[in-house]
Amino acid sequence: MITATNLATPGHLHLGPLLVAAPALAAVTLGPRLTALTGVLAQGGQVVIGVVLNDLSSVERMAQMASVVLVSVFAVILSGVRERQVRELRWVRHVSEIAQGLVLRPLPPRIGPLRVAAVYLAAETEMQIGGDLYAAARTACGTRLIVGDVRGNGLTAVGDAALLLGAFRAAAHRQADLAELTAYLDASVCWNLAEPGEDDLARECFITAILIDIPDHTPTVQMVYCGHPPPLLLRRGRISTLCARQPGPPLGLQLGMPCHHADTFDFKAGDLLLLYTDGVIEARNAQGDFYPLTERAVAWTGERPDVLLEHLRTDLLAHAGGRLRDDAAVIAIERQYLHSHTSHQR
């Protein structure tokens, strides 16, 4: 287009120098081959203009043609580097998706008499996983869940989350008492942090968590709080916070033998339990205001868990300007009515 404009303009404006920009601009979006082709076409435009204007052998024209060659070479190199970085980023995202599937196994939509949904938002945009965690396990008489938050984020937090989730999946079926299970998990985290060469790390690492036991045939729920935000209970258009009567410390603080106490709350058919990590309630908007989870969740009472979490996810990202500063996880659990879940128990 530059060549045609140069030749069609009365008096032939000297637009030849603009051809140098063509390969440079091509490198921004095109691959090395198409960038090189753009450089060849730009050089061809210089030759056509030189022939028409009869100055092909002039010093100015030769300098412009040399500039096109040099810029084209650098543009091809930059295009190759950009494409390699894009491939690496895609590979990192692919690996993070695999890691997420291994560490944070997707929760089934139905677990016994429960309807379940979960959403995870990682602070690291290149990764799909961070330091927040959740898992569920079936026992002989109910369902056990854990929701937690490892201090920090990134790969170190992923390793600590994987350790705790592995310990939970191994012990959730064997430990009869929820407090005993919590003590076992606390010891597992402490043992890992006490490994040789990790003394400094052990002083700084801990995991807030909440462990939940939901029996199949009793309209209650038991919880052990380990420094984690209290869940919300949505019931018939109303919302309440299930605060611990005797909260315990986070896991991994190496406090010897802390006493873990299980609190019991009503959890009837039609009730919905909303569990979350502090990345949700600590998300800020442009004015620095925290996300008002309790106030927003009231508007979604009566919705199915998956629908509620979709509303919450959209609203949370809008509040935070599209990006969170900390990992965030939310789990919604609804106890179904007996006639609606009988065929789904397993």
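Above this text you will find the structure in question.
Residues numbered from 1 in each chain as written. Predicted model: local features only at pLDDT ≥ 70, side-chain atom pairs only at ≥ 80, totals over all residues. Heavy atoms only, no water.

1. With respect to the overall build of the chain
Looking only at helices and strands, the chain has 11 helices and 11 strands in total. For the chain, with 346 residues in total, the buried portion stands at 45%. Put simply, of all contacts in the chain between residues at least 6 apart along the chain, 70% involve residues at least 24 apart. Per element, the accessible surface of the chain, about 17,700 Å² overall, is 59% carbon and sulfur. (Helix = DSSP H or I, 4+ residues; strand = E, 2+ residues; numbered from the N terminus. Buried < 20%, exposed > 50% of the residue type's maximum accessible area, 1.4 Å probe, protein only. Contact = heavy atoms within 4.5 Å. Areas by Shrake-Rupley, 256 points an atom, 1.4 Å probe, with all protein chains shown as cover.)

2. As for the sheet that holds strand E5 (residues 207-215)
Through backbone hydrogen bonds, the strands of a sheet pair up, either in parallel or in antiparallel fashion. Spatially, five strands are ordered E3-E4-E5-E6-E9 in an open sheet, and the strand pairing comes out antiparallel. Edge positions in the open sheet fall to strand E3 (132-138) and strand E9 (262-266), since each of these has one partner strand only. Direction aside, the axes of adjacent strands within the sheet are offset by 20° on average. Relative to E9, strand E6 (residues 220-226) runs antiparallel, the two being bridged by five bridges. When the bridges of E9 are listed, Val224 appears paired with Ala262. (Pairing = 2+ DSSP bridges. Axes fitted to C-alpha atoms, helices over the stretch in contact; angles between N-to-C directions.)

3. Overview of the nonpolar core
Grouped burial of nonpolar side chains is what soluble globular proteins tend to show. One finds Ile146, Leu273 and Ile333 to be the most contacted residues of the largest nonpolar core, which totals 48 residues. Examining the composition of this core, we find that seven residues originate from one element, helix H5 (residues 155-171), more than from any other. In this view, Leu273 contacts Ile212, Val221, Met223, Pro231, Leu232, Leu233, Leu242, Phe267, Ile331, Ala332 and Ile333; residues no more than four positions away in its chain are not counted. By size, the runner-up hydrophobic cluster in this structure holds 23 residues, among which are Val119, Leu308, Leu324 and Ala328. (Core = buried A, V, L, I, M, F, W, Y, C linked by side-chain atoms within 4.5 Å.)

4. Details of the pattern of salt bridges
The full count for this structure, using the stated rule, is seven salt bridges. One salt bridge in this structure joins Arg235 and Asp271, with 2.8 Å as the shortest N-O distance. Of this pair, Arg235 sits in strand E7 (residues 232-235) while Asp271 sits in the loop between E9 and strand E10 (272-276), and the two are 36 residues apart along the sequence. Exposure remark for Arg235: the relative accessible area of 27% places this residue in the partly exposed category. A salt bridge links Asp263 to Arg245; its shortest N-O distance comes to 3.8 Å. Of this pair, Asp263 sits in strand E9 while Arg245 is found in the loop between strand E8 (238-241) and E9, placing the two residues 18 residues apart along the sequence. (Salt bridge = Lys/Arg side-chain N within 4 Å of Asp/Glu carboxyl O.)

5. Side note on the side chain of Asp132
Secondary-structure assignment places Asp132 in strand E3. The buried charged residue Asp132 lacks any salt bridge, with Arg151 as its nearest oppositely charged partner at 12 Å. Of note is the side chain of Asp132, whose polar atom sits 3.2 Å from the backbone nitrogen of Ala328. For Asp132, the residues in contact, after removing those within four places along its chain, are Leu104, Tyr120, Gly148, Asp149, Thr277, Asp327, Ala328 and Ala329. (Lys, Arg positive; Asp, Glu negative; His and termini not counted. Polar contact = N/O pair within 3.5 Å; in protein donor to acceptor, adjacent residues only side chain to side chain.)

6. Observations regarding a nonpolar patch on the surface
The grouping of Leu30, Leu34, Leu37, Val40 and Leu41 at the surface amounts to a nonpolar patch, some 460 Å² of accessible area in total. If you trace the backbone, Val40 turns up in helix H3 (residues 32-53). On the accessibility criterion, Val40 (55% relative accessible area) is exposed. (Patch = residues over 30% accessible without salt bridge, like charges linked within 9 Å, V, L, I, M, F, W, Y side chains within 5 Å.)

7. Describing helix H10 (residues 305-319)
A rise of 1.5 Å per residue sets the reference length of H10, with its 15 residues, at 21 Å; its end C-alpha atoms lie 21 Å apart and thus fit the reference within 8%. Of all the residues in H10, the buried ones are Pro305, Leu308, Leu309, Leu312, Leu316 and His319. Buried residues of H10 fall within an arc of 90° about the axis and therefore sit on the same side. Of the surrounding elements, those touching the buried residues of H10 are strand E2 (114-121), E7, E10, helix H8 (278-281), helix H9 (293-297) and strand E11 (328-335). (Expected span 1.5 Å × (residues − 1). Arc of directions from axis to C-beta.)

8. Some points on unusual backbone geometry
Even without a glycine there, the phi angle at Arg236 is positive, about 50°. Mapping Arg236 onto the fold places it in the loop between E7 and E8. Take Arg236: its relative accessible area is 83%, and that puts it in the exposed class.

9. Focus: the environment of Gly39
The residue Gly39 is located in helix H3 in this model. C-alpha of Gly39 to C-alpha of Val71: the two residues are 32 residues apart in sequence and 8.1 Å apart in space.

10. As for the environment of Arg335
Of note, Arg335 is situated in strand E11. Judged by relative accessible area, which is 5%, Arg335 ranks as buried. Distance from Arg335 to Leu273, taken between C-alpha atoms, is 8.5 Å for residues 62 residues apart in sequence. Among the polar contacts made by the side chain of Arg335, one reaches the main-chain carbonyl oxygen of Phe267 at a distance of 2.7 Å.

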